[in-house]
Amino acid sequence: MKIPDIKNFDHFSTGVLIPCLLNIWGVMLFLRISWVVAQAGIGLTLLIISVSCVVCVLTTLSLSAICTNGELKGGGVYYLVSRSLGAELGASVGVIFAFANAVAASMNTIGFCESLNELLKSHNLKIIDNSVNDTRIVGAFALLVMCLICAFGMDWETKTQNFLIVIIVAAIINYLIGAAIGPTTDREKAEGFQGISMDIASKNWHPDYRYSEGQYHGFFSVFTIYFPAVTGVQAGANICGDLKDPASAIPKGTLLAIAISTTSYLAMATLSGMASLRDASGNMTQASDPDTLGSCAPKCNYGLHNNYGIMQLMAFWGPLIYGGCWAATLSTALTNLLSVPRLIQALGVDRIYPGLIFFSKPYGKHGEPYRGYVLVFFVSFIFLLNADLNKIAPLITNFYLGSYALINFCTFHASFFKPISWRPSFRYYNLWLSLIGGIMCLVIMMIISWVMALITTFIFLFLYFLLLYRKPETDWGSSTDAQRYQETIARILQISHRSVSTKSYNPQLLVMHGKPHSREWLLDMAKLITSIGSFMIVADIHAASMTIAERNERISLADEWLRKRKLRAFYVLLHSFDLQQGILAMIQCAGLGHLAPNIMLIGYKYRWQKSTCEDLLAYYHTLHLGFEFGLAVAILRVSQNFRPLRGGVRDHSVPTSSKEPATPTLSYQASRVRAVMPENSDIDEWNGGRQSRQESEVAKRLSRATEEFSAPDLRERSATLGDFKYKPLVFHENSTLDAWWLYDDGGMNILLPYIIARRGAKEKMHLRVFVLPRAGLQVAESYAYMKNLLQKFRIEYSQLTLVEGINVKPAQSTWALFESMIKEHKTENDDDPCLITNEEYHRQIMKTTRHLRLRELVIEHSYDADLIVMTLPYPREDSVSAALYMAWLDIISCDLPHMMFVRGNQTSVIDA
């Protein structure tokens, strides 16, 4: 959806000057300026006008800088702020500003109705009550007519504005002439108009605050009533999409409009205070005696305090003042009604708030937002029903001040951080003046009404955080983006230059994933590990060369795919590399400083038995490369549960109770896990090869079950997942995670299961910890020691088990299964690095035996688990062939639940 640019206006005088003047010359010009002088006095009124002017000038300078920093389109303040500070801030201030304009339209309409009521009242006429109800009836009709004029298009609105400004200028000249001539009848004198006099000016110089319209007034309450009069400086920016040269028109037209309108207000305020009394009785016998005439105070019927129609009394021709008042109020309301639908339309086109998309639909060749006009009519009509000018003005004042503060902050922010895109052609701005302007707006907001200021801030923060939560897809090169970039670079450098503590360790994954959709279960697991406070690098190594277009398209598709899955991931593509070269380059170059991967996550090679020796050696060498360059290595093998479900549904609703031996707690003696775990990465002869009595009993108990489960005809025949529909790797609070912590690798084997157990479901998963005792320690001692160690590391678990029976001989069926795995991978060549030689087979027989026995223990303890995390045997290329190593992994994990082999790099990753 696109908003057509109308480009009606060729010159700033018609494009910006007239809308700004009409917005500033609103209800205050003829209805309230005399009342402000009566309350605050001439001196403070001039101060109020001057302070308001300073705020407007500073805001206009900031606005001009933003307007000249690139091409402008429809959307007014929203477009300007969003393209400068980002969608979150721009949309928040845009909604608030749209609401303020809608309310301002009702306020100016109320001003028109009040003036009309005064005229009818002077002729003893009324519709219903010459008060609130008349205001509601006339105001509703006026709002409807103005919305129709706006809906007809910019041509109609422009012609109407040009006609109205002629009436306003004529009314101002009429007032100045009348004030200069002075009163022509005793009646005018009796009602307070005495003519220009220094004596009257002296009396009206100081403030005279009174109770009026339901409240006691002071400086800031009067300022609150006046300030909406100068909120029209953004009128030109609101229609920036309809200007031919907005970058030139907005600064010139807005500054000129401020100068003309401020001069007008200063002149009219001064003349009011110099020529009229604050109180007058209306008694013509006292017309020549001002002191006697004002003796009725504070219950007089005439004078600056009591008669909003005193401007008509002072004018050369009174009826023209009514025309000027109506023209000023209606023209301002017309501009407000015109700008809001376009702002809403811009929000809808950018799809910032879904609820506004409906109102953004364009109609006709100019793309008029008719639905937006209906919306703004009803919003304005609701506030019109209040029919009280003084209650609406403070609300508008806070909203406008808030938007002004943000505009100033935009310019300060962009000037301070100096993004490359910040190149405004308007040079007459200063970042510190913009900051002062923003602070002035905030201070005035708090002084006027801290309650309303807090409400405005709350609304703004609500809209802001709503967008932060929604995260709209925008790329506008805002200064906020530049700030984030600069801060990110500074943080990366800071992190890279400081020493790393064990307590600050975070798992940072290098996921050997390949092209999108190829190994989705790897990303599911990586997401569990990195979902909070960490990240992953998704590596895709492509052997063939690619063109720039092909590369960019593949990266774009992969990034979109990762983003839709809400992964904290960076996609990195290497092409023109074979697998080993690509992995070597990825391991060495991925990341920045300490934000480099520290864990390599790779998928299990399901088809290793059918792979060529080159492929098998490349996979085996990849594991060794990870350890060689100081990474931890994790291999994920998903079970057949990812494919057709086998067996019944397991019930995890009741967690397994822990059977703890009744032994006294031992004191903590050392922080190293090696006291109860072997240091060797391989499962070695931990009990000297001797089989204990308990282990013999375990062997008898497991013999039948193991034979049945490990029969060769039950092992995995389909080694690939490609033929089955992918099922996400998900867990829930009743899922069970078994951590087989077999030796000390710096704590990685217990840290990763703990992270997954906490992040794998909304509630924590059941974490069961399995450890093997070490020779020289009794079972009870080993158990108590490990329990204290886990408590020291603050690892929460549901069950701790000390596994016995590692030295029991494996069942014959387990050996048969293993032999069926390796029968095609034996060789007589003693120098083959891939296949299993007879010498290697006999040399590694003890380790092979224990891996087979480990399989049986896992079947006994963890066959009902949802995920198993186990120590990864170290890939010793100098002593273990690739085929034998893969056979070890296969025999441990085949026909079991999801299993992830993990091995740290001997760097401590967990601390007390």
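Residues numbered from 1 in each chain as written. Predicted model: local features only at pLDDT ≥ 70, side-chain atom pairs only at ≥ 80, totals over all residues. Heavy atoms only, no water.

### Brief notes about the packing of helix α4 (residues 87-122) against helix α18 (residues 450-470)
Orientation of α4 relative to α18, taken along the N-to-C sense of each, is 135°, at an axis distance of 9 Å. In terms of orientation, α4 and α18 fall into the oblique class. For the pair α4 and α18, the crossing hand works out as right-handed. Every residue of α18 that contacts α4 at A87, E88, L89, A91, S92, V93, V95 and I96 is listed here: T456, I459, F460, L463, Y464, L467 and L468. When its residues are assigned to classes, the contact of α4 with α18 shows 12 nonpolar, 2 polar and 1 charged. (Axes fitted to C-alpha atoms, helices over the stretch in contact; angles between N-to-C directions. Helix = DSSP H or I, 4+ residues; strand = E, 2+ residues; numbered from the N terminus. Parallel < 35°, antiparallel > 145°, perpendicular 65-115°, else oblique. Left-handed = near helix turned anticlockwise from the far one by under 90°. Contact = heavy atoms within 4.5 Å. Nonpolar A, V, L, I, M, F, W, Y, C, P; charged D, E, K, R; others polar.)

### Quick notes on the packing of aromatic side chains
The final tally for this structure, using the stated rule, is 29 aromatic pairs. Between the aromatic rings of F460 and Y464, the centroid separation amounts to 6.3 Å while the plane-to-plane angle is 20°, which identifies the pairing as stacked. Pair noted here: F460 and Y464 are both in helix α18, with a separation of 4 residues, about one helical turn. Judged by its relative accessible area of 19%, F460 is buried. Ring pairing ties together the aromatic residues F97, F223, F227, Y400 and Y404, which thus form one cluster. If you follow R903 out to its NZ or CZ, it ends over the ring of F627, 5.4 Å from the centre. (Phe/Tyr/Trp six-rings, centres within 6.5 Å; stacked < 30°, edge-to-face > 60°. Buried < 20%, exposed > 50% of the residue type's maximum accessible area, 1.4 Å probe, protein only. Lys NZ or Arg CZ within 6 Å of the ring centre and 35° of its normal.)

### Observations concerning helix α30 (residues 882-893)
Taking 1.5 Å of rise per residue, 12 residues should cover 16 Å, and α30 covers 17 Å from first to last C-alpha, within 8% of that figure. Taking burial as the measure, the 12 residues of α30 include 12 buried ones, the bulk of the element. The set of residues buried in α30 consists of A882, A883, L884, Y885, M886, A887, W888, L889, D890, I891, I892 and S893. Just beyond α30, the residue with positive phi is D895, at close to 60°. (Expected span 1.5 Å × (residues − 1).)

### Brief notes about the state of the cysteines
If you walk through the whole model with that rule in mind, you get 1 disulfide. There is a disulfide in this structure between C296 and C300, and the S-S distance comes to 1.8 Å. The disulfide joining C296 to C300 has a torsion of about 115° about its S-S bond and is therefore right-handed. Accessibility expressed as a relative area gives 7% for C300, which makes it buried. (Disulfide = S-S within 2.5 Å.)

### Quick word on the pairing of strand β4 (residues 536-542)
Counting buried positions over the 7 residues of β4 gives 6, a clear majority of the element. Looking at chain direction, strand β3 (residues 509-512) and β4 are connected through 4 bridges and run parallel. Directly across from L509, in β4, lies its bridge partner M536. Tracing the backbone out of β3, into helix α20 (residues 520-530) and back to the parallel element β4 gives a crossover that is right-handed. Examined bridge by bridge, β4 and strand β5 (residues 569-575) share 7 bridges and lie parallel to one another. Paired with M536 across the strands is A569, a residue of β5. At this point the chain moves from β4, through helix α21 (residues 548-564), to the parallel β5, and the crossover so formed is right-handed. (Pairing = 2+ DSSP bridges. Right-handed = clockwise from strand over helix to strand, strands pointing away.)

### Let's talk about the nonpolar core
Residues F30, V81, M146, Y226, L337 and I352 are the most contacted members of the largest nonpolar core, which totals 125 residues. Broken down by element, the residue count for this core peaks at 18 residues, all from α4. Among the nonpolar cores identified, the runner-up in size contains 124 residues, and L562, A590, L737 and L767 belong to it. (Core = buried A, V, L, I, M, F, W, Y, C linked by side-chain atoms within 4.5 Å.)

### Notes on the sheet that holds β4
Here 10 strands make up an open sheet; going across it, the order is β5-β4-β3-β6-β7-β14-β13-β8-β9-β10 and the pairing mixed. Bordering the open sheet on either side are β5 and β10 (799-802), each of which pairs with just one other strand. Between one strand and the next, the sheet's axes are offset by a mean angle of 20°, whatever the strand orientation. For strand β9 (residues 766-771) and β10, the ladder comprises 4 bridges, and the chain directions are parallel. Following the sheet pairing, V771 is matched in β10 by L802. Packing against the sheet, helix α22 (residues 579-589) makes contact with β3, β4, β5 and β6 (599-603), and its axis sits at approximately 150° to β4.

### Some remarks on the pattern of salt bridges
Throughout the structure, instances matching the rule amount to 17 salt bridges. Of the charged contacts in the structure, one is a salt bridge between D279 and R210, with a shortest N-O distance of 2.4 Å. Here R210 lies in the loop between α8 (198-203) and β1 (211-212) and D279 lies in the loop between α11 (246-275) and α12 (290-293), a separation of 69 residues in the sequence. Here D279 falls in the buried class, since its relative accessible area comes to 8%. Across the pair R853 and E856 runs a salt bridge, and its minimum N-O distance is 2.7 Å. (Salt bridge = Lys/Arg side-chain N within 4 Å of Asp/Glu carboxyl O.)

### Some words on the packing of helix α5 (residues 132-151) against helix α15 (residues 370-384)
Interhelical geometry of α5 versus α15 gives an angle of 160° and a closest axis separation of 10 Å. Of the possible angle classes, the one that applies to α5 and α15 is roughly antiparallel. Taken as a pair, α5 and α15 cross one another with a handedness that is right-handed. Here α5 contributes T135, R136, G139, A140, L143, L144, C147, C150 and A151 to the contact with α15, which in turn contributes Y370, Y373, F377, S380, F381 and L384. Its residues assigned to classes, the contact of α5 with α15 shows 11 nonpolar, 3 polar and 1 charged.

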